[in-house]
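Analysis of the macromolecular model
This is what each chain is made of:
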Amino acid sequence: MNSCWKPTIGSRNSSTESQRQRRTSVHLIGGRLFLWNGAAGTARSRPVRRFRSPDLFPSTPIDRMSTSPADLSEQEQRRREERTELEDRGVDPYPYAWEVDARAEEILDTFDDEKHQPADGEAGSYEVSIAGRIVGLRVMGGSAFFDLRDESGTIQVYVRSQDLGEEFYEEVFTELFDIGDVVGIEGFAFRTGMGEVTVRAADDFQLLAKSLRPPPPVKEETEDGDVVERHYEVTDKEFRYRQRYVDLFVNPDTRDIFRRRATLLSTMRDFLDDRGYLEVETPVLQPVYGGASARPFKTHHNALDMPLYLRIADELYLKRLLVGGLEGVYEIGKDFRNEGLSRFHNPEFTMMECYVAYKDYRWMMDTTEDLLRTVTTALHDEPTLTFEGHEIDMGGSWTRVPFFDAIEDATGFDLYQEDADRVHDVAANELGLAEDVDSDMDLGELLDEVFSETVEPTLIQPTFVTDYPVELSPLAKKHREKDGLVERFELVVAGREIANAFSELNDPQDQRERFEQQARQRAAEVDADVDPADLIDEDYLRALEYGMPPAAGLGIGIDRLTMLLTGQDSIRDVILFPLLRPEQS
RNA sequence: GACCUCGUAGCUCAGCUUGGCAGAGCAACGGACUUUUAAUCCGUGAGUCGCAGGUUCGAAUCCUGCCGGGGUCACCA
């Protein structure tokens, strides 16, 4: 999981010495709390943290940066008072480090009753030093249990007045610690009478970060027997997106989604690296945007005094690299499209694009099968997944169906080589799409609409839809056999478009004509003042004129793939910090 | 941008139809409790009923407008 972190049970690092000394001092001085965390001399003399001068940020009123007591809830005020009280007692509420040598999940997995369970009244042999956040505190007189949550999971901690000194226990722990505080524990693992593996804070118990803001209370009543229990869980979607940091420590499922997203990415990288493709990084800031038909974000470079656009696709720069003689390249990065928000669209999203010289789209279909089967297996241990109740089999080779055949199969109408008027007529009058089409849509838009409405939702098992109309694909190479089509495929799974690929157009003359066509449309649609010539990427055409080898290219939307592989129905659930409307106070 | 829907304690919500003292559970706070499991038991505090205006003797409740959240559509290769 986290390769940086290696548990070292049984051979504990000698750098825990400072912790041992502090712990010794607890026993030596009994209840002398001001020495309890070894920070007595420094806590008071620590410089008081101050807010920056308001002059530095004249537009930000100081009273919005500090928080006046009147704005705070009772609970927030109390926690601030506790923090002050801790400092007065010489307890640093924000100390510097803690030597961790075990994690919750690992202790729960490796605890062995025969080897580790201590005899009554004795110390256990499974010694650990752990850290995490307190959730679910249960105090019972002179002892207490709480749940400690670290990145791996949650483990119960047992605290006794006898172990830690009465004064610490009574006056610091039970009075000044809260749910939400981050703490460090040194002690040993044991199994309680109720059967739960628990760490007893026998040796040390320190505050590592005082929480001034209560975590959301989420113990919801389960009304009847079949309701799933959700005790420490926040279900309010907006809250989860806006305060993802809380979502992550409260909802283990959320962390799991992002772990799986990371596994997906690393598996994909390994797959591409193993085949010898070079991972590259191309510009996000571009003087001319292209590679897709979306509207861009516009920005400005001050020193050069020039407009720049955030890229809407990586494609045109990656193909320049093929001209440069790199024979297999890929990039995983953010694209930006200035469009609306929905559960399928976030304005910035992650795209993997891969280009391989001397290959065509047929080869790319095979490779896509391999890639996605590998990724699916990495996440599910087998090449199958369940999405919205559908069992989806990513194994074997997948159905390949030409675009117009798919439409004909779904609607009974063969629209190949029909003109826009005819397609509009069929869509509006025969297919019940009158509300989705209108008469000034061009042929490409009409066909796309028909396909999206009638075919896409029906394709549940992985399906390559091939041979798109040229109007929809200005960067794809003309079909070697079929007039008016290009060698392109989209992969549809569970009714969603997962991948897009083509035999890459490398004829500079053909490319120029298609750019000109596209530029005229775009200038007319987006902004009448724009000169179509400014929308053409002349440098890309110059590159093609030097000669780009035949190549296959593939694009996969990582966010949507993650949705599919983690069973999420909103893109916001697979993006850590999705764009939201600004928060209103 | 259009339509639907919601806004009451820190959180989840009831109360609104039929106007009459602002409610519950959880959380918080005080107390009891040294192997608990959403700990339990006793007690306490907590509200600009989103905002503004109107109707009324009286508005959380009825009316109008606005603000904010969510959803659907539109835009979107």
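Described in the following lines is the structure provided in the data block.

What counts and how
Residues numbered from 1 in each chain as written. Chains lettered and ligands numbered in written order. Predicted model: local features only at pLDDT ≥ 70, side-chain atom pairs only at ≥ 80, totals over all residues. Heavy atoms only, no water. Pairing = 2+ DSSP bridges. Helix = DSSP H or I, 4+ residues; strand = E, 2+ residues; numbered from the N terminus. Contact = heavy atoms within 4.5 Å. Axes fitted to C-alpha atoms, helices over the stretch in contact; angles between N-to-C directions. Salt bridge = Lys/Arg side-chain N within 4 Å of Asp/Glu carboxyl O. Buried < 20%, exposed > 50% of the residue type's maximum accessible area, 1.4 Å probe, protein only. Patch = residues over 30% accessible without salt bridge, like charges linked within 9 Å, V, L, I, M, F, W, Y side chains within 5 Å. Areas by Shrake-Rupley, 256 points an atom, 1.4 Å probe, with all protein chains shown as cover. Lys, Arg positive; Asp, Glu negative; His and termini not counted. Charge placed at Lys NZ, Arg CZ, Asp CG, Glu CD. Core = buried A, V, L, I, M, F, W, Y, C linked by side-chain atoms within 4.5 Å. Near = heavy atom within 4 Å. Polar contact = N/O pair within 3.5 Å; in protein donor to acceptor, adjacent residues only side chain to side chain. 1 Å grid on protein atoms, 1.4 Å probe; cavity = no way out; pocket = protein on both sides within 12 Å on 5 of 7 lines; lining within 4 Å. Points joined across faces, edges and corners; volume = space filled by probe spheres on them. Nonpolar A, V, L, I, M, F, W, Y, C, P; charged D, E, K, R; others polar. Phe/Tyr/Trp six-rings, centres within 6.5 Å; stacked < 30°, edge-to-face > 60°. Lys NZ or Arg CZ within 6 Å of the ring centre and 35° of its normal.

Describing the sheet that holds strand β8 (residues 298–301)
Across the sheet, three strands lie side by side as β7-β9-β8; this open sheet has antiparallel pairing. Two strands bound the open sheet, and with one partner strand each, they are β7 (285–286) and β8. Across two bridges, the pairing between β7 and strand β9 (residues 306–310) is antiparallel. Looking across to β9, one finds that Q286 is bridged to Y309.

Comments concerning the sheet that holds strand β18 (residues 551–557)
Strand order in the open sheet formed by eight strands is β6-β10-β11-β18-β17-β16-β15-β14, and the pairing between neighbours is mixed. Edge positions in the sheet fall to β6 (278–279) and β14 (399–402), since each has one partner strand and no second. Inspection of the sheet shows strand β16 (residues 488–493) paired to strand β17 (residues 496–503) by six bridges, in the antiparallel sense. Opposite F489, over in β17, you have A501 as the bridge partner. Together, β11 (348–357), β14, β15 (463–466), β16, β17 and β18 form the strand contacts of helix α13 (residues 361–380), whose direction differs from that of β18 by roughly 35 degrees.

Focus: the pattern of salt bridges
Counted by the stated rule, this structure contains 40 salt bridges. Between R260 and D256 there is a salt bridge, with the nearest N and O atoms lying 3.3 Å from each other. Within this pair, R260 and its partner D256 are both found in helix α11 (residues 252–274), separated by four residues, close to a single helical turn. In this structure, a network of salt bridges that share partners links the residues R78, E82, D178, D181 and K210.

So, unusual backbone geometry
For Q417, which is not a glycine, the phi torsion comes out positive at approximately 65 degrees. Locating Q417 in the fold gives a position in the loop between α14 (403–411) and α15 (420–430). What makes Q417 exposed here is its relative accessible area of 56%. For D467, which is not glycine, the phi dihedral falls at a positive 65 degrees. Mapped onto the elements of the fold, D467 is located in the loop between β15 and β16.

A short note on a negative patch on the surface
A cluster of acidic residues, D438, D440, E445, D448 and E497, forms a negative patch at the surface. Residue D448 is classed as partly exposed on the basis of its relative accessible area, which comes to 35%.

Some remarks on the nonpolar core
Counting residues in each nonpolar core, the largest one holds 50 residues, and the members touching the most others are F403, L415, V450, F451 and V465. Elements with a minimum of two residues in this core: α12 (315–323), α14, α15, α16 (443–454), α17 (508–526) and α18 (538–546). Examining the composition of this core, we find that five residues originate from one element, α16, more than from any other. Once you skip the residues sitting within four places of it in the chain, V450 turns out to touch I407, L415, V423, A427, L431, L433 and V455. Counting 38 residues, the second largest nonpolar core, distinct from the first, contains M365, F489, A501 and A552.

Observations concerning the pairing of β11
Most of β11 is tucked away: nine of the 10 residues are buried. Sheet topology places β11 next to β18; seven bridges connect them, and they run antiparallel. Note that in β18 the partner of Y355 across the bridge is G553.

So, the protein's contact with RNA strand B
Q156, M194, E196, S293 and H345 are the nearest of the 41 residues found near RNA strand B. Counting only atoms of RNA strand B within 4 Å of the protein, the sugar-phosphate share comes to 52%. The separation between a sugar or linking oxygen of RNA strand B and a polar side-chain atom of E497 is 3.4 Å. Within the side chain of Q518, a nitrogen or oxygen atom sits 3.2 Å from a base nitrogen of RNA strand B.

Quick look at empty space enclosed by the protein
Overall, the coordinates contain four cavities of 30 Å³ or more when judged by the stated rule. Quantified by volume, the largest cavity comes out at close to 110 Å³. If you go around the largest cavity, you meet 14 residues; those closest to its centre are G290, F515, Q518, R522 and L535. Tallying contributions element by element places α17 first for the lining of the largest cavity, with four residues. Broken down by class, the residue content of the lining of the largest cavity amounts to nine nonpolar, three polar and two charged.

Structural notes on the pairing of β16
For β16, the buried fraction is high: six of the six residues fall into the buried class. The two faces of β16 match: R488, E490 and V492 on one face and F489, L491 and V493 on the other face are all buried. As judged from the four bridges shared by β15 and β16, these two strands associate in the antiparallel manner. From the neighbouring strand, T463 faces β16, where its bridge partner is V492. Remark: two residues form the turn of the hairpin made by β16 and β17, two consecutive strands paired antiparallel; A494 in that turn has positive phi of roughly 55 degrees.

Topic: helix α19 (residues 558–566)
Of all the nine residues making up α19, eight are buried; the element is thus mostly covered by neighbouring parts of the structure. All of the buried residues in α19 are I558, D559, L561, T562, M563, L564, L565 and T566. Where α19 ends, the next residue or the one after it, G567, has phi of about 70 degrees, a positive value.

So, the packing of aromatic side chains
Counted by the stated rule, this structure contains 21 aromatic pairs. Note on Y158 and F190: the rings are 5.9 Å apart at their centroids and 50 degrees apart in plane angle, and the pair reads as tilted. Highlighted residues: Y158 in strand β3 (residues 154–160) and F190 in strand β4 (residues 182–191), separated in sequence by 32 residues. Of the residues examined, F190 reaches a relative accessible area of 13% and is grouped as buried. Plain terms: the ring middles of F464 and F489 are 4.9 Å apart, the flat faces sit at 80 degrees to each other, and that makes the pair edge-to-face. With F464 in strand β15 and F489 in strand β16, this pair connects stretches of sequence that are 25 residues apart. Grouped by ring-pair contacts, the aromatic residues F146, F168, Y169, F173, F177 and F205 constitute a single cluster. A cation over a ring is seen here: R488 above Y468, with NZ or CZ 4.5 Å from the ring centre.

A word on the side chain of D247
Mapping D247 onto the fold places it in helix α10 (residues 244–250). Of note is the side chain of D247, whose polar atom sits 3.0 Å from the side chain of R240. Looking at D247, its side chain comes within polar contact range of the side chain of N251, at 2.6 Å. Discounting chain neighbours no more than four positions away, the residues touching D247 are R240 and T254.

Bear in mind that shape data such as this cannot, by itself, settle questions of function.
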